[in-house]
Amino acid sequence: MTEQFTQQVTFYTEDHEWVTVHGDMATVGITKYAAEQLGDVVFVETPEVGKTVKKGDDLAVVESVKAASDVYAPMSGEVVDTNGELADAPEKVNEHPESEGWFCVIKFSDGAETEGLMDKDAYFEFCKGEA
Amino acid sequence: MADQTSDDLKKTALHGLHVSLGGKMVPFAGYEMPVQFEGVKPEHLWTREHAGLFDVSHMGPCFLTLAEGVSEDEEAHKKIASLIEDLVPSAISTLKPGQARLTVLLNGQGGIMDDLIITRLPDARQNGRLYIVVNGAVKDQDWAVFEEKLAGRAVLERADEGHVLMALQGPEAVDVLKSEIPGCDDLGFMRCMQAEWQGTACTVSRCGYTGEDGFEIHIPAAAGEELAAKLIRDERVKPIGLGARDSLRLEAGLCLYGHDMDQSRNPVEADLQWVIQKSRRERADFPGADAILKALADGPAEKRVGIRPLERAPAREGTEIHVNGEKVGVITSGGFGPTVEGPVAMGYVRADLAKPGTQVELMVRGKPRAGEVAALPFVEQNYKR
């Protein structure tokens, strides 16, 4: 709770999500690596605004032509916004996974939860190990 | 399927070609097979527009021959046909030379053990010998049934190992293949020819499982590898993985064994009653005939139908189908149809709800999503009639 993010910082999870924190808000999406692995995204089920999640809970579902995949909450808190544009344009997840293809914003309750997450360099190395 | 390391998995003769073309390899029916090359959607669309090459060597091609051997006599065909007709409900005796027919292998209750294609060889000197292709996942089961039920009367020759079975599918398949296999363009749908490719004998059938015109080629492994590599070099042809094979067959309304039908379903429920010709219904001499003829007369309790999700969320296998909050069926295959540009599915519903246009709710992750019963296929079939 004490940790403040006065500047925007992006972290990565082992489940291939990115989370950009600023103040007490965390914007969440899936990484370019994840989007490439999934193939063409055809549907994203974003959470309801107002939903409270704990770190690791199911947050969203992304459906590609291949399969349905769960997206987990990278931080605990309340969902305060979702990307409504994905309803009609799920392909944004493939086109711009780490910008326009964001899933939702969580007002997080404990900034210390970012401590177990990776920075960009660590995530890059992590993906090399996955390949 | 239990976790399998790649050491346990069999490889087809085209495995090296798939890897060299960048195929993403996954375990499937005991084999390591390519699920995709450039991606499910582009491969799907390419096959509908041009020509796609599919490795289906994991399937179960075989030959079934009378114990006393082949003959020029028409009676030899009648004899082998009557043997296999003890196991399947289709008319095999009336097949013309070179004609193929889809049928189902039935258990004693009329449940579907597999779907298979039985072909009468085109060479009239080979009466008494049938070319049969069964599904890869159940080929050992099917072949055990043939050997047990027909012991002493017919001889089974497995033709999977040491061979390539490949499918070339799509509107440009015929133009591509006719320069390699002259005369294949004269074949009609579900017709077969025996040919030679660079001195190697092969069996070429005008059939497939994409809803498009195309061919299946059964050929010894060494020549098959060369032929596949040559076909891929043609700019009209791309290699296609299992992912697009599934989306293509689903849009075409074609059943996948183990999903859209299994031993708990009879051909009437599976909407495959057309495989039972009139002569067989009259004779009522196939396994489970009582149950199947009763379902034909009274109508089945449940029926396989197309399901069109009306929202964007795909309804995958296992999704419950509800009407007014009551469960009335289940999705057995579902995904996204790249040609339809939307989600498509198949499933079973109570027979009184099987009419196209019937509104249903699809319980996707616990949330009801609008859907409707739809006529199959979802895309027009482009067979060479």
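**Student:** What should I look at first to understand the overall build of chain A in this one?
**Tutor:** Each helix and strand in chain A was counted, giving three helices and nine strands. Secondary structure elements of chain A occur, N-terminal to C-terminal, as β-β-β-α-β-β-β-β-β-α-β-α. Rg of the C-alpha trace for chain A: 14 Å, near the compact-globule value of 14 Å for 131 residues, within the 12% margin. Counting only C-alpha atoms and orienting by the principal axes, one finds that chain A spans roughly 40 × 35 × 25 Å. Taken over 131 residues, chain A has a buried fraction of 47%. Contacts spanning at least 24 positions in sequence make up 58% of the contacts within chain A whose residues lie at least 6 apart. The centroid of the 9 positive side-chain charges in chain A is displaced by 2 Å from the centroid of its 28 negative side-chain charges.

**Student:** Would you mind going over the environment of Gly23(B) with me for this structure?
**Tutor:** With respect to the helices and strands, Gly23(B) occurs in the loop between helix H1 (15-20) and strand S1 (24-28). Apart from residues lying up to four places away in sequence, Gly23(B) is in contact with His18(B), Pro34(B), Gln36(B) and Phe37(B).

**Student:** I'm lost on the sheet that holds strand S4 (residues 41-45) of chain A in this one. Help?
**Tutor:** Sheet strands line up and pair through hydrogen bonds in the backbone, either parallel or antiparallel. Residue and element names in this part refer to chain A. The three strands lie next to each other as S4-S6-S7, forming an open sheet whose pairing is antiparallel. This sheet does not close on itself; its edge strands, each paired only once, are S4 and strand S7 (68-72). Averaged over all neighbouring strand pairs, the angle between strand axes comes to 25°, with direction disregarded. Sheet topology places S4 next to strand S6 (residues 58-64); four bridges connect them, and they run antiparallel. Its bridge partner being in S6, phenylalanine 43 is matched across the sheet by glutamate 63.

**Student:** Explain the pattern of salt bridges to me, please; I cannot follow it from the model alone.
**Tutor:** When the charged atoms of two side chains lie near each other, side chains of opposite charge can form a pair. All names here are of chain B. Applying the stated criterion to the full structure yields 36 salt bridges over all chains. Where aspartate 140 meets arginine 158, a salt bridge forms, and the shortest distance between an N and an O atom there is 3.9 Å. Remark: arginine 158 occurs in strand S8 (residues 154-158) and aspartate 140 occurs in helix H4 (residues 139-149); sequence separation between them is 18 residues. Looking at aspartate 140, the relative accessible area reads 51%, which means it is exposed.

**Student:** Can you walk me through the pairing of S7(A) in this structure?
**Tutor:** A regular strand places its side chains on the two faces of the sheet in alternate fashion. Residues and elements named next belong to chain A. In the sheet, S6 pairs with S7 via five bridges, with the strands oriented antiparallel. Bridging from a neighbouring strand, glutamate 63 pairs with alanine 68 of S7. Hairpin remark: S6 followed by S7, antiparallel, with three residues in the connecting loop.

**Student:** Would you mind going over the packing of aromatic side chains with me for this structure?
**Tutor:** Any pair of aromatic rings gets described here by the distance separating the centres and the angle formed by the planes. All chains considered together, the criterion is met by six aromatic pairs over all chains. Between Tyr12(A) and Tyr123(A), the ring centres sit 4.9 Å apart and the planes meet at 10°, which makes this aromatic pair stacked. Highlighted residues: Tyr12(A) in strand S1 (residues 5-12) and Tyr123(A) in helix H3 (residues 120-130), separated in sequence by 111 residues. Take Tyr12(A) and Tyr123(A): they sit in the same class, and that class is buried. Three or more aromatic residues joined by ring pairs make a cluster, and in this case those are Phe5(A), Phe11(A) and Phe108(A). Between the NZ or CZ atom of Lys238(B) and the centre of the ring of Trp46(B), over which it lies, the distance is 4.2 Å.

**Student:** Would you take a moment to explain the sheet that holds strand S19 (residues 367-374) of chain B for this structure?
**Tutor:** Residues and elements named next belong to chain B. Strands sit in the order S14-S17-S16-S15-S18-S19 around a closed barrel of six strands; the barrel is antiparallel. Pairs of neighbouring strands in the sheet enclose a mean axial angle of 45°, with direction left out of account. Relative to strand S16 (residues 326-337), helix H7 (residues 242-251) is tilted by about 125°, and along the sheet it contacts S16 and strand S17 (342-350).

**Student:** Honestly, the interface of chain A and chain B in this entry has me stumped. Any pointers?
**Tutor:** Often the size quoted for an interface is simply the accessible area lost on bringing the parts together. Facing 17 residues of chain A, the contacting portion of chain B comprises 13 residues. Between chain A and chain B, a total of about 1400 Å² is buried, with carbon and sulfur atoms accounting for 47% of that surface. Of all residues in chain A, the largest losses of buried area upon contact with chain B belong to Glu45(A), Val65(A) and Lys66(A), amounting jointly to 37% of the total for that side. Run the count over chain A and chain B and you get five salt bridges. Ionic pairing is found between Arg365(B) and Glu63(A), a salt bridge with its closest N-O pair at 3.0 Å.

**Student:** Any chance you could explain the nonpolar core here in plain terms?
**Tutor:** One broad rule of soluble globular proteins: the nonpolar side chains tend to lie buried together. Residues and elements named next belong to chain B. Ranked by size, the top nonpolar core spans 28 residues in total, and within it Met166, Leu168, Leu177, Ile181, Val204 and Ile219 carry the most contacts. Of all the secondary-structure elements, those providing two or more residues to this core are strand S3 (51-55), strand S9 (163-169), helix H5 (173-178), strand S10 (192-197), strand S11 (200-205), strand S12 (214-220) and helix H6 (221-233). For this core, the leading source of residues is H6, giving five residues. Among all residues touching isoleucine 181, those that are not within four sequence positions of it are Met193, Ala195, Trp197, Cys202 and Val204.

**Student:** Looking at this structure, I do not really get the domain arrangement of chain B. What am I missing?
**Tutor:** All names here are of chain B. Domain boundaries in chain B define domain 1 (15-59 + 161-251) and domain 2 (60-156). In this complex, domain 1 contributes 14 residues to the contact, which on the side of domain 2 involves 22 residues. When the two sides are added together, the surface that domain 1 and domain 2 hide from each other amounts to roughly 1400 Å², 60% of it contributed by carbon and sulfur. Among the residues domain 1 hides against domain 2, the three largest losses belong to Met59, Met190 and Gln194. Together they make up 40% of the total. Taken together, the connections running from domain 1 to domain 2 amount to zero salt bridges. Elements with a minimum of two residues in the side of domain 1 that touches domain 2: S10 and S11. The biggest single contributor to the side of domain 1 that touches domain 2 is S10, with three residues. Across the side of domain 1 that touches domain 2, the residue classes tally to eight nonpolar, five polar and one charged.

**Student:** Looking at this structure, how should I read the side chain of Ser57(B)?
**Tutor:** Residues and elements named next belong to chain B. Relative to the elements of secondary structure, serine 57 occurs in the loop between S3 and strand S4 (60-66). Serine 57 sits in the buried class, given a relative accessible area of 4%. A polar atom in the side chain of serine 57 sits 2.6 Å from the side chain of aspartate 55. Once residues within four sequence positions are removed from consideration, serine 57 is found in contact with Thr12, Tyr31, His163, Val164 and Leu165.

**Student:** Hey, could you run me through H6(B) in this one?
**Tutor:** Residue pairs spaced three or four apart in an α-helix point in one direction, given the helix's 3.6 residues per turn. Residue and element names in this part refer to chain B. With 13 residues, H6 extends 18 Å from end C-alpha to end C-alpha; this agrees with the ideal 18 Å at 1.5 Å per step. All of the buried residues along H6 are Ala221, Ala223, Gly224, Leu227, Ala228, Leu231 and Ile232. Down the axis of H6, the buried side of the element spans an arc of 165°, and every buried residue falls inside it. Of the exposed residues in H6, the ones pointing more than 90 degrees away from its buried face are Ala222 and Arg233.

How each quantity is defined
Counting from 1, residues in each chain are numbered in the order their sequence is written. Labels are handed out in written order, letters beginning with A for the chains and numbers beginning with 1 for the ligands. With pLDDT at 70 or above as the cut-off, local features in this predicted model cover only qualifying residues; side-chain atom pairs require 80 or more to be listed or tallied, and sums for whole chains, interfaces and linings still use all residues. Side-chain metrics in this entry use all non-hydrogen atoms of the structure; hydrogen atoms and water are not considered. Every helix listed is a DSSP run of H or I at least four residues long, and every strand listed is a run of E at least two residues long, numbered separately from the N terminus. All radius of gyration figures rest on C-alpha atoms, and the globule criterion is 2.2 Å times the number of residues raised to 0.38. Remark: exposure states derive from per-residue accessible area (1.4 Å probe, protein chains only) relative to the maximum for the residue type, with buried under 20%, exposed over 50%, and partly exposed in between. In this description, contact between two residues means that some pair of their heavy atoms is separated by no more than 4.5 Å. Here Asp and Glu are counted as negative and Lys and Arg as positive; His is not counted, and neither are the chain ends. A charged residue contributes its charge at one atom only: NZ of Lys, CZ of Arg, CG of Asp or CD of Glu. Strand pairing follows a simple DSSP-based rule, namely that at least 2 bridges must link the two strands. Geometry is summarised by axes, namely lines fitted to C-alpha atoms with helices restricted to the contacting stretch, and by angles between N-to-C directions that run from 0 to 180 degrees. Salt bridges are counted wherever a side-chain nitrogen of Lys or Arg sits within 4 Å of a carboxyl oxygen of Asp or Glu. Pairing of aromatic rings covers Phe, Tyr and the six-membered ring of Trp, with a centre-to-centre limit of 6.5 Å; geometry is then stacked below 30 degrees between planes, edge-to-face above 60, and tilted otherwise. In this scheme, Lys NZ or Arg CZ marks a charge over a ring once it lies within 6 Å of the ring centre and within 35 degrees of the ring normal. For any pair of parts, buried area is found by adding up, for both, the accessible area (1.4 Å probe) each one loses once the two are put together. Residues grouped as a nonpolar core are buried Ala, Val, Leu, Ile, Met, Phe, Trp, Tyr and Cys residues, joined through side-chain atoms within 4.5 Å. For the domain bounds, the source is a domain assignment made automatically or taken from a database. The residue classification treats Ala, Val, Leu, Ile, Met, Phe, Trp, Tyr, Cys and Pro as nonpolar and Asp, Glu, Lys and Arg as charged. All others, Gly included, are polar. For this analysis, a polar contact is any N or O atom pair within 3.5 Å, provided that within protein one partner can donate a hydrogen and the other can accept it, and provided that sequence-adjacent residues contribute only side-chain to side-chain pairs. To estimate how far a helix should reach, multiply one less than its number of residues by 1.5 Å. Regarding the arc, it is the one traced by the directions from the helix axis to the C-beta atoms.

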